[in-house]
Amino acid sequence: MTNDVTLEHAHDIDAVWETLIDIYAQVRADQLHLPHYSVERYAERLARHGKEPGWETVIARVDGVPVGYGYCNTLTPVEDRWWKRTDPAPAPEVLARTTVAIKEMMVLDIFRRRGIARAFHDSLLAGREEVQATLMVSPANQDGRVQALYTKWGYEVIGRSQSAPDAPALTVMIRPVHLSASSVDA
C-alpha cells in the first residue's frame with residue numbers, strides 16, 4: 001500500500017450510498033447492536049440528510065479503497081432542528097448566520113491518526129459559502145480526544161444536544177468556515 005490518499009466529492013446521495021453505509025458499518029461494528037447505531041437507523045438519517053439543502057460528501061480513498069468520509073449540509077437559519085435541540089439555545093447572532101453542519105465524519109480505525117479526517121474536513125469546508133460551520137461530537141469519543149482535536153481545528157463548544165432518547169448526548173461546536181492558516185493547529 002502506498003498510502004496515496006485521494007478525496008472524492010459527491011452531491012448525489014444515491015451515487016455514494018453503498019460506500020457510506022459500508023464505511024459506517026465497519027467503523028460502528030461494535031455498536032451496531034444498539035438501536036441508535038444500527039445500520040437501519042443510520043440509513044434513515046443518511047436518507048434524510050441527503051435530501052437537505054447543500055448536501056455534500058467527501059470520501060477519502062487510500063490506494064483507491066474508501067477509508068473514511070465526511071458529509072455536511074446547509075442549516076436553515078433559526079428554525080433548523082439542529083438549533084432547536086441545542087441547549088442552551090444559541091445566541092441570536094449565531095442563529096442568524098449562514099451555517100454548514102458537518103453531520104458525519106469517520107475513518108476506519110487502521111487509517112486514523114494520519115490526517116485523513118482533517119483532509120476531508122478541510123476539503124468539505126473549502127468550497128462552502130456559509131459563514132460558520134458546526135458539528136456535534138460525543139465527549140466520550142476516544143476518551144475525549146476527538147473533541148480536543150476539533151478544538152485544535154478552531155471549534156468552540158456552544159452547547160449540548162440529544163437527537164433521540166436512545167442517542168448519546170453530544171457536544172455542539174462551532175467555528176468560522178474559513179480560518180487563516182495561522183489560527184489553528186494542523
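Report follows, based on the coordinates. (Residues numbered from 1 in each chain as written. Predicted model: local features only at pLDDT ≥ 70, side-chain atom pairs only at ≥ 80, totals over all residues. Heavy atoms only, no water.)

What follows concerns the nonpolar core. Counting 41 residues, the largest nonpolar core has L20, Y42, L46, Y69, I116, Y150 and Y155 as the members making the most contacts within it. Contributions of two or more residues to this core are made by α1 (13-27), α2 (39-50), β2 (56-62), β3 (65-74), β4 (99-107), α5 (116-126), β5 (132-137) and α6 (145-152). Among the elements that take part in this core, α1 stands out by supplying seven residues, more than any other. Ignoring any residue separated from it by four or fewer positions in sequence, one finds Y155 in contact with I102, H121, L125, A133, T134, L135, Y150, M173, I174 and R175. Grouped together as the second largest cluster of nonpolar side chains are nine residues, L75, M136, V172 and I174 included. (Core = buried A, V, L, I, M, F, W, Y, C linked by side-chain atoms within 4.5 Å. Buried < 20%, exposed > 50% of the residue type's maximum accessible area, 1.4 Å probe, protein only. Helix = DSSP H or I, 4+ residues; strand = E, 2+ residues; numbered from the N terminus. Contact = heavy atoms within 4.5 Å.)

Our focus in this paragraph is the packing of aromatic side chains. Here the structure, examined in full by the defined rule, presents five aromatic pairs. On the basis of an interplanar angle of 5 degrees and a centroid distance of 3.8 Å, the ring pair of Y24 and Y42 is categorised as stacked. Within this pair, whereas Y24 is found in helix α1, its partner Y42 is found in helix α2, the two being separated by 18 residues in sequence. Grouping residues by exposure puts Y24 and Y42 together as buried. Ring plane angle 5 degrees and centroid distance 6.3 Å describe the contact between Y69 and Y71, whose orientation is recorded as stacked. Using a relative accessible area of 0% as the deciding quantity, one classes Y69 as buried. Classification of Y71 as buried rests on a relative accessible area of 0%. The structure contains a cluster of three or more aromatic residues connected by ring pairs, namely W55, Y69 and Y71. (Phe/Tyr/Trp six-rings, centres within 6.5 Å; stacked < 30°, edge-to-face > 60°.)

Here the focus is the sheet that holds strand β7 (residues 170-176). The strand order across the open sheet built from seven strands is β1-β2-β3-β4-β5-β7-β6, with neighbouring strands paired in mixed fashion. Two strands lie at the open edges of the sheet, namely β1 (5-10) and β6 (156-161), each paired on one side alone. Neighbour-to-neighbour, the strand axes of this sheet turn through a mean angle of 25 degrees, independent of strand direction. Bridge count for β2 against β3 is seven bridges, and the pairing is antiparallel. Across the sheet, residue V58 finds its bridge partner in β3, namely G70. Here α5 sits on the sheet in contact with β1, β2, β3, β4, β5 and β7, set at roughly 155 degrees to β4. (Pairing = 2+ DSSP bridges. Axes fitted to C-alpha atoms, helices over the stretch in contact; angles between N-to-C directions.)

Quick look at the pattern of salt bridges now. Oppositely charged side chains can form a pair if their charged atoms are brought close together. Here the structure, examined in full by the defined rule, presents seven salt bridges. Ionic pairing is found between D109 and R112, a salt bridge with its closest N-O pair at 3.3 Å. According to the relative accessible area criterion, D109 is exposed, its value standing at 55%. When the shortest N-O distance is used, the salt bridge between R118 and D122 registers 2.9 Å. Placement of both R118 and D122 in helix α5 is noted, with a separation of four residues, approximately one turn of the helix. Among the residues examined, D122 registers a relative accessible area of 32% and is labelled partly exposed. Each of E56, R128 and E130 takes part in one network of salt bridges that share partners. (Salt bridge = Lys/Arg side-chain N within 4 Å of Asp/Glu carboxyl O.)

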